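# Close look at the chain arrangement
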Amino acid sequence: MDANVPYAPITALLGPTNTGKTHRAVERLLEYPTGMIGLPLRLLAREIYDRITARVGERAVALVTGEEKRVPADPRYFVATVEAMPVERAVDFVAVDEIQLVGHPQRGHVFTARLLGARGARETWFLGSGTARPLVERLLPTARIASHPRLSRLAGAGARPLRTLLPRSAVVAFSTPQVYELAGRLRDARGGAAVVLGAMSPRTRNAQVAMYQAGEVDYLVATDAIGMGLNLELEHVAFAGTTKFDGRETRPLEPAELAQIAGRAGRFLSDGTFGTVSPLPPLPEPVVVAIEEHRFAPLRAAYYRNVELDMASVDALVDSLQARPRRPELRPVERATDLEVLRHLVREPTIRARATSSDTVSLLWEACQIPDYGHSLVEHHAHLAARIFGDLVARGTVDPEWLEENVSRLDDTRGDLDTLMLRIELVRTFTYIGHHPGWVDPRVGWGGRTEAIEGRLSDALHHRLVERFVEAGRSTAPRARKRPRRPPASEPAAVVPGHPFAKLLTMKLDLKAALPAAADDDDAWVHELVEASHERFVVDAEGRISADGRLLGELTRGPDRLRPEVRLLLPDEIGAGARSRLQRRLVAWSRDLVAELCGPLRLAPGLELGGAARGLLYQLEQGLGTVPVKSAARELGHLTAADRKVLQARGVVLGTYHVFARPLLRPRAITQRVALVSAHSDGTRRVPSAPRGAVSMPRTPGVDVEIYLAIGYPLFGPRAVRVDVAERVGAAIAAFTAGTGPDPSGQLSAWLGCPGEPARFVAEILGMPRAATAEPRARRRSRRRGRHGTPPATND
């Protein structure tokens, strides 16, 4: 991305939690042909990825994090962690979330680099807390600063014993042992709790969250991992502690940090409360007021690290990394694991002996940047980096036998919670290595293998958490809420026009559908399908979706034909988490289905095409590939020769009666068209389906003319004829009547796939002279009486 693109506006959308910042950014991103959004956490990146793919399909969206790379052949949108943003790619729109993390001692320099250098070709947004405003104004003086009020009220509620907390509460602690202790107490007192830790994999975290969201438990115990954008149905946040170890010392949380966590209560339009768990005293009154009124001390400086690195030697690299910033608003990064690992390694003579060229110095720096998910000692992590660097220099790739030995040991689902968490942290490191370009043999599929191991470990961890922190015998079926916070999806809450959540609150897709989750062993096949390729799923003419012969769901009516919803058809014993994850996958698959069907009608970025041709393609897409000439007369009259050439290359035929897209007439495409029309009809109107390969079918009484047109078989009297066949027959008749072609009378039945009399009806509508279809007088009189009584139906 070019950081110096002129005239591309920059907006800083700053303010308290629950103001719709991320939601607005996602909506803005989808208004552009291409875009990228950077999120602070892998968990949040996956949540936003799921949300976007439910809108546009998985083939249009890439997910890029340190350990997970889901990059389709030609993505339009990128969802990434801030560190993993592929900033070298040019896109129209760029957004970076939680930009106030420029003040984070360890990660701040990455956010500062994005603030100073990440730009969209047409627009850039930075989202975050209002505490970042003075810094943004000084560092980006041309940026437009925008803010919005919180959508709900947040109020302090004092201290309360754990056993008296109301349902839909989250208890926040700052160490894993304390989280486990609190969850155990809630199990004994209230039947159970879900658990969320920052070190969890997305699969475990989402399984626990889905259990809570579905009402299987009424309480959540978490670390401050819930403070970054996770949207949960919480009414109250209770702090069991207000100090945390930040990697160097144990310190009190700043009011702004407490507000970031407390703001998880009262999402969307529902008010929320926050307080403490006694015997911890209530939060000081000034802190409560600051959180309620969103007034905090501004950030004083942004952490910075030079991004223009000198790879001439290891010493030059270290010096360039430590280069001092030239602006007073920027503070040199004090602690960064990768730099500490590099400093440790350059003291080793063997490392210096190998890092003697710019290429090997670059390799050394890449090895030092392997994430330390387990937060181990620098010496331990440096040993791993040295091993990787040594293999890359000596062999060109990481030793597969060493990988096999270490990865195989992690593929073990036995053990307690701490053991499983440790294995997940280690396997994440090997997933990162397996996905790094050029480090391993791509034919072996190390990344996929380690992801599969992480999945099994994550499922096992979820089960252990349920066993330990959910009361035995407690129902795992979703229970009705005693006090629903908002109307069900079928009765959306009333919101004012233009409200940032208006579209979100009226979507049929439930919030839980955006939360992929693990489930019981019986649901393992669901998780395997969630990760399956697009081709694994099929849809029949009635809109039923299946995979491997197993019925999964069906398409149902959505906002329009191109955006159907999905209704699951699964056994009752499938858990809520598995259902929500498969629901999201099938909705995303349906968007890919539409994108595949309408691909020839959608313009690639940069393709030159006139307004009339664009309008014609839009009509064709809305009509699923067929439009009457009369409906498109204005556009057809303004097409240029260049437009016609582009349309022809895309398979668009400008016929006498209809304009149609030839690729959308293949048997598979016809089935997909019928499925989409059936879904939109939602059982209220009959949708016919021609046998595979049939060129016509008899008209069914009661079926709308428009439905026949949408499935590619416009009506001509008593027959619905595939549009390309109708145009071909019409052209032959026109040539005959003009004296330039043979009499087609003898071919009509074969061409139209129907007996002689219906074929003659169709031919006359297409312009065939009646004399050419002469019959015995009595039959002709009989047919004429029928025609005068009921005029043949057409699509004009």
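Everything that follows concerns the structure shown earlier in this document.
Attention here is on the structure that accompanies the text. (Residues numbered from 1 in each chain as written. Predicted model: local features only at pLDDT ≥ 70, side-chain atom pairs only at ≥ 80, totals over all residues. Heavy atoms only, no water.)

Counting its secondary structure elements, the protein contains 28 helices and 28 strands. The buried share among the 796 residues of the protein stands at 54%. Working note: accessible area of the protein is about 34400 Å², and carbon and sulfur atoms make up 52% of it. (Helix = DSSP H or I, 4+ residues; strand = E, 2+ residues; numbered from the N terminus. Buried < 20%, exposed > 50% of the residue type's maximum accessible area, 1.4 Å probe, protein only. Areas by Shrake-Rupley, 256 points an atom, 1.4 Å probe, with all protein chains shown as cover.)

Let us now look at the side chain of Glu 635. Along the polypeptide, Glu 635 turns up in helix 21 (residues 633-637). Arg 634 provides the closest opposite charge to the buried, salt-bridge-free Glu 635, at an N-O distance of 4.8 Å. (Lys, Arg positive; Asp, Glu negative; His and termini not counted. Salt bridge = Lys/Arg side-chain N within 4 Å of Asp/Glu carboxyl O.)

On to the side chain of Asp 643, then. When you line up the elements, Asp 643 lands in helix 22 (residues 641-649). One buried charged residue, Asp 643, forms no salt bridge at all, with the nearest opposite charge on Arg 614 at 7.7 Å. Sequence-distant contacts of Asp 643, defined by excluding residues within four places in its chain, comprise Leu 609, Gly 610, Ala 613 and His 638. (Contact = heavy atoms within 4.5 Å.)

So, on to the packing of aromatic side chains. In total, this model carries six aromatic pairs according to the counting rule given. Plain terms: the ring middles of Phe 93 and Trp 125 are 5.8 Å apart, the flat faces sit at 70° to each other, and that makes the pair edge-to-face. One end of the pair, Phe 93, is in strand 6 (residues 93-96); the other, Trp 125, is in strand 7 (residues 123-128), with 32 residues separating them in the sequence. Residue classification places Phe 93 among the buried residues on the basis of a relative accessible area of 0%. A connected cluster of aromatic rings, assembled from ring pairs, spans Tyr 32, Phe 93 and Trp 125. Seen from the ring of Tyr 212, Arg 168 lies directly overhead, with NZ or CZ sitting 3.8 Å from the centre. A cation over an aromatic ring shows up here: Arg 550 above the ring of Trp 525, its NZ or CZ 3.7 Å from the ring centre. (Phe/Tyr/Trp six-rings, centres within 6.5 Å; stacked < 30°, edge-to-face > 60°. Lys NZ or Arg CZ within 6 Å of the ring centre and 35° of its normal.)

Next up on the list: the packing of helix 2 (residues 42-56) against helix 19 (residues 576-598). One can describe the packing of helix 2 onto helix 19 by two numbers: an axis separation of 6 Å at closest approach and a directional angle of 45°. Relative to helix 19, the element helix 2 is oriented oblique. You can see that helix 2 and helix 19 cross each other, and the crossing is left-handed. Two secondary-structure elements touch here, helix 2 through Arg 46, Asp 50, Thr 53, Ala 54, Arg 55 and Val 56 and helix 19 through Arg 581, Arg 584, Val 587, Ala 588, Arg 591 and Asp 592. Residue composition of the contact of helix 2 with helix 19, by class: four nonpolar, one polar and seven charged. (Axes fitted to C-alpha atoms, helices over the stretch in contact; angles between N-to-C directions. Parallel < 35°, antiparallel > 145°, perpendicular 65-115°, else oblique. Left-handed = near helix turned anticlockwise from the far one by under 90°. Nonpolar A, V, L, I, M, F, W, Y, C, P; charged D, E, K, R; others polar.)

Core analysis: the largest hydrophobic core is formed by 65 residues, its most contacted members being Phe 537, Leu 552 and Leu 555. In terms of residue count, helix 19 provides more of this core than any other element does, nine residues in total. With residues up to four places along the chain from it excluded, the contact list for Leu 552 reads Trp 525, Leu 529, Phe 537, Ile 545, Ser 546, Ala 547, Leu 568, Leu 569, Leu 570, Leu 582 and Leu 586. Ranked by size, the runner-up nonpolar core spans 45 residues in total, among them Leu 186, Tyr 219, Val 221 and Trp 446. (Core = buried A, V, L, I, M, F, W, Y, C linked by side-chain atoms within 4.5 Å.)

No statement about biological role is implied by the geometric values presented.
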